[in-house]
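The lines below spell out each chain.
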Amino acid sequence: MTNGNAEKDENRPAGPRQQFGDIAPALAGYSEDVLFGQVWENPDLAPRDRSLVTVASLITSGSTEQLAFHLRRARDNGVSEEELIETITHLAFYAGWPKAMSALTAARDAFAAS
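Just so you know, these numbers come straight off a predicted model, no measurement behind them.

Participant: Honestly, a nonpolar patch on the surface in this entry has me stumped. Any pointers?
Facilitator: There is a patch of nonpolar side chains on the surface, built from Leu27, Tyr30, Val34, Leu35 and Val39 and spanning about 440 Å² of accessible area. Mapped onto the elements, Val34 comes out in helix H2 (residues 25-41).

Participant: Quick question: what am I supposed to make of H2 here?
Facilitator: Because each turn of an α-helix spans 3.6 residues, side chains separated by three or four positions end up pointing in the same direction. Along H2, the largest kink reaches about 35° and is centred on Ser31. Along H2, the residues that are buried comprise Ala28, Gly29, Ser31, Glu32, Phe36, Gly37 and Trp40. Buried residues belonging to H2 abut helix H1 (16-20), helix H3 (47-61) and helix H4 (64-76).

Participant: Explanation requested: the packing of aromatic side chains in the structure shown.
Facilitator: Between two aromatic rings, the relevant description is the distance of the centres plus the angle of the planes. Evaluated as defined, the whole model comprises three aromatic pairs. On the basis of an interplanar angle of 10° and a centroid distance of 6.3 Å, the ring pair of Phe36 and Trp40 is categorised as stacked. Taken together, the positions of Phe36 and Trp40, both in helix H2 and four residues apart, correspond to about one turn of that helix. Judged by relative accessible area, which is 8%, Trp40 ranks as buried. Ring plane angle 85° and centroid distance 5.5 Å describe the contact between Phe93 and Trp97, whose orientation is recorded as edge-to-face. For Phe93, a relative accessible area of 63% translates into the label exposed. Residue Trp97 is classed as partly exposed on the basis of its relative accessible area of 48%. Among the aromatic side chains, those forming a connected cluster through ring pairs are Phe36, Trp40 and Phe69.

Participant: Teacher, can you tell me more about the environment of Ile88 here?
Facilitator: Summarising the element assignment, Ile88 is placed in helix H5 (residues 81-95). Exposure remark for Ile88: the relative accessible area of 0% places this residue in the buried category. Expressed as a C-alpha distance, the spacing of Ile88 and Ala56, which sit 32 residues apart in the sequence, is 7.7 Å. In this structure, Ile88 is in contact with Ile59, Ala100, Ala103, Leu104 and Ala107, ignoring residues within four places of it in sequence.

Criteria and cut-off values
Residues numbered from 1 in each chain as written. Predicted model: local features only at pLDDT ≥ 70, side-chain atom pairs only at ≥ 80, totals over all residues. Heavy atoms only, no water. Patch = residues over 30% accessible without salt bridge, like charges linked within 9 Å, V, L, I, M, F, W, Y side chains within 5 Å. Areas by Shrake-Rupley, 256 points an atom, 1.4 Å probe, with all protein chains shown as cover. Salt bridge = Lys/Arg side-chain N within 4 Å of Asp/Glu carboxyl O. Helix = DSSP H or I, 4+ residues; strand = E, 2+ residues; numbered from the N terminus. Bend = angle between axes of the 7 residues up to and from the residue. Buried < 20%, exposed > 50% of the residue type's maximum accessible area, 1.4 Å probe, protein only. Contact = heavy atoms within 4.5 Å. Phe/Tyr/Trp six-rings, centres within 6.5 Å; stacked < 30°, edge-to-face > 60°.

Below is the structure:
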């Protein structure tokens, strides 16, 4: 919700305020307003490129819990499943084999869920 707009934005995750606003209301607000508001909406980087960067960062850090959402979002932003799999394969050599294997599991689940 940026600029005081209370409408749900379809490009944002399903309600950070609903997911963890009870325990971390400030972080939930920053997630909605700053990260998925100001940062993701900044036109200086195309959504497709922003998605690839985000997916690569999540893979290299081993953050597979957030990866499934961002793999689906990347597809919505124009990245093909083949490109995402190639990104994971490429990163196996830079981020490590175990992280790539975990990312492939997340990708299989994310692709099957949609």
